Amino acid sequence: MERIDLNNKKILVTGGAGFIGSNLIKRLFEDTKNATIVNLDNLNNYYDVSLKEYRLDLLRQKSEQLHIDYSFVKGDLADKTLIDKLFAQYKFDVVVNLAAQAGVRYSIENPDAYIQSNMIGFYSILEACRHNPVEHLVYASSSSVYGGNKKVPFAVEDRVDNPVSLYAATKKSNELFAHCYSKLYNIPTTGLRFFTVYGPAGRPDMAYFGFTNKLLKGQTIQIFNYGNCRRDFTYVDDIVEGIVRVMQGAPERKNGEDGLPVPPYAVYNIGGGQPENLLDFVNILQEELIRAGVLPKDYDFESHKQLVPMQPGDVPTTYADATALERDFGFTPKITLREGLRQFAEWYKAYYNPSSK
């Protein structure tokens, strides 16, 4: 592994107005000295844009307060001209590609968005890294690549060739593209398979956020697979810790016995390694929403819960084997579901202030 000191580096984060991206940039502000950080995001309306603007506003304030060399560029990954221009201008050392069209169910209704962003967009980044060599390209994959795998926990060595959604297929294709570019052009790439990320100012299309919105409106929440789904929920700070550590350790460039480059390519899981039953998750969420004062103490949950069958594109269990991350970077996610949901509930209360409505 080649160690990378992030101080004095030029770093591109794509999807930096997104949930994980904005938290990563905030962490880089705190951790790095004299770095130049560029945030690229297209601010699409897949979910409430005001939430993305809120995150950007926090980043702008923080960067001014800490005197960081930071800039935000509104633009699209698939705009190859823009990407090439940015790379030529900044000569990035490290690139973290988190921009993607997210969501499993949405990929069934809107396949075009996934091909544009997750395939064409990622190709633009790879081409730019090829023509403007970088020290390390880190990119978001997803636990969804494990698809219908029956063996749990999911390990990075497992086969991942039976995706059950187009979203999963695009993420697997990112790993294949990266491997190809690592082999052909000796670009160090690391893919990160994230497992159900949650936390304050997260994505409103995620279950915990959507459930909260519905409960507040007195609507019924649907719990899929009759509550028998298990998810490896991972708090956003744990995800960011994993990304920052991985950024600093690029796969080593070396030649094989044939004298040709061995692809400097790696993939890691970042997940809690503690799959939680969806019903238990909902119970903890409701307790924390009451504790934070988002919902009244006497809220009747039972009348607002409906157990329903599995949805197309969903999988019954996600469960990370994160031993490779522990082995290479000395890190395993640690934040418990109750701690994480407490942080979310308190943020939700502060952001939306439901009691005043």
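That block above? That's the structure.
Here's a quick rundown of the structure. (Residues numbered from 1 in each chain as written. Predicted model: local features only at pLDDT ≥ 70, side-chain atom pairs only at ≥ 80, totals over all residues. Heavy atoms only, no water.)

A word on the overall build of the chain. In terms of helices and strands, the chain carries eleven helices and 17 strands. Relative to the 2.2 N^0.38 estimate, which gives 21 Å for 357 residues, the radius of gyration of the chain is 20 Å and therefore close to what a compact globule would have. Principal-axis analysis of the C-alpha atoms gives the chain an extent of 65 × 50 × 40 Å. For the chain, buried positions account for 54% of its 357 residues. Long-range pairs, those at least 24 residues apart, make up 83% of the contacts in the chain with a sequence separation of at least 6. Of the roughly 15,600 Å² that the chain leaves accessible, carbon and sulfur atoms contribute 49%. With 40 positive and 43 negative side-chain charges, the chain shows a spacing of 1 Å between the two charge centroids. (Helix = DSSP H or I, 4+ residues; strand = E, 2+ residues; numbered from the N terminus. Rg over C-alpha atoms; globule rule 2.2 N^0.38 Å. Buried < 20%, exposed > 50% of the residue type's maximum accessible area, 1.4 Å probe, protein only. Contact = heavy atoms within 4.5 Å. Areas by Shrake-Rupley, 256 points an atom, 1.4 Å probe, with all protein chains shown as cover. Lys, Arg positive; Asp, Glu negative; His and termini not counted. Charge placed at Lys NZ, Arg CZ, Asp CG, Glu CD.)

Read across the open sheet, the seven strands follow the order β4-β3-β2-β5-β6-β7-β15; overall the sheet is parallel. Two strands bound the open sheet, and with one partner strand each, they are β4 (69-74) and β15 (265-270). Strand-to-strand twist of the sheet, defined as the mean angle between neighbouring strand axes without regard to direction, takes the value 15 degrees. Two elements, strand β2 (residues 10-14) and strand β5 (residues 94-97), share four bridges in a ladder whose sense is parallel. (Pairing = 2+ DSSP bridges. Axes fitted to C-alpha atoms, helices over the stretch in contact; angles between N-to-C directions.)

The next point concerns helix α9 (residues 278-291). Every α-helical turn comprises 3.6 residues, leaving residues that sit three or four positions apart pointing alike. The end-to-end C-alpha distance of α9 is 20 Å, a good match for the 20 Å that 14 residues give at a rise of 1.5 Å each. Those residues of α9 lying buried are Leu 278, Phe 281, Val 282, Ile 284, Leu 285, Gln 286, Glu 288 and Leu 289. Buried residues in α9 make contact with α7 (207-216), β9 (221-223), β16 (276-277), β17 (305-307) and α11 (337-352). A side-chain oxygen of the first residue of α9 lies 2.9 Å from the backbone nitrogen of Leu 279; this N-cap is Asn 277. (Expected span 1.5 Å × (residues − 1). Polar contact = N/O pair within 3.5 Å; in protein donor to acceptor, adjacent residues only side chain to side chain.)

All told, the structure shown has 33 aromatic pairs when counted by the stated rule. Each ring, one from Tyr 114 and one from Tyr 167, has its centre 6.2 Å from the other, and the planes form 80 degrees; the classification is edge-to-face. Residue Tyr 114 is found in helix α5 (residues 111-131), and its partner Tyr 167 is found in helix α6 (residues 166-185); the two are separated by 53 residues along the sequence. Taking relative accessible area as the criterion, Tyr 167 reaches 11% and is therefore assigned buried. Between the aromatic rings of Trp 347 and Tyr 348, the centroid separation amounts to 6.4 Å while the plane-to-plane angle is 75 degrees, which identifies the pairing as edge-to-face. When sorted by exposure, Trp 347 lands in the same class as Tyr 348, which is buried. The structure contains a cluster of three or more aromatic residues connected by ring pairs, namely Tyr 54, Tyr 198, Tyr 208, Phe 209, Phe 233, Tyr 235, Phe 281, Phe 344, Trp 347, Tyr 348, Tyr 351 and Tyr 352. Here the guanidinium or amino end of Lys 52 rests over the ring plane of Tyr 47, the centre of that ring lying 4.6 Å away. (Phe/Tyr/Trp six-rings, centres within 6.5 Å; stacked < 30°, edge-to-face > 60°. Lys NZ or Arg CZ within 6 Å of the ring centre and 35° of its normal.)

For the bond running from Val 152 to Pro 153, omega is 0 degrees, close enough to zero to count as cis. If you trace the backbone, Pro 153 turns up in the loop between β6 (136-142) and α6. Residue Leu 43 is not a glycine yet carries a positive backbone phi of 50 degrees. In this structure, Leu 43 sits in the loop between β3 (36-41) and α2 (49-66). The exposure class assigned to Leu 43 is buried, which follows from its relative accessible area of 14%. For Tyr 226, which is not glycine, the phi dihedral falls at a positive 55 degrees.

Inspection of the entire model under this criterion finds 21 salt bridges. Of the charged contacts, one joins Glu 241 and Arg 245 as a salt bridge, the two residues approaching to 2.6 Å between their closest N and O atoms. Placement of both Glu 241 and Arg 245 in helix α8 (residues 236-247) is noted, with a separation of four residues, approximately one turn of the helix. Residue Arg 245 is classed as partly exposed on the basis of its relative accessible area of 28%. One network of salt bridges, in which partners are shared, links Arg 27, Asp 31, Glu 241 and Arg 245. (Salt bridge = Lys/Arg side-chain N within 4 Å of Asp/Glu carboxyl O.)

For Asn 97, the position within the fold is in strand β5. On the basis of relative accessibility, which here comes to 3%, the residue Asn 97 falls in the buried class. At 2.7 Å, the side chain of Asn 97 and the side chain of Thr 14 are in polar contact.

With twelve residues, α8 should reach 16 Å at 1.5 Å per residue; the first-to-last C-alpha distance of 16 Å fits that figure. In terms of residue burial, α8 counts as a mostly covered element, since ten of its twelve residues are buried. When we look at burial in α8, the residues that qualify are Val 236, Asp 238, Ile 239, Val 240, Glu 241, Gly 242, Ile 243, Val 244, Val 246 and Met 247.

Right, let's get into the pairing of strand β7 (residues 189-194). In terms of burial, β7 is largely enclosed, as six of its six residues are buried. Residues Thr 189, Gly 191 and Arg 193 of β7 are buried on one face, and the alternating residues Thr 190, Leu 192 and Phe 194, pointing to the opposite face, are buried as well. Pairing of β6 with β7 involves six bridges; the strand directions are parallel. Bridge assignment links Leu 137 to a residue of β7, and that residue is Thr 189. Traced from β6 through α6 to β7, the parallel crossover comes out right-handed. (Right-handed = clockwise from strand over helix to strand, strands pointing away.)

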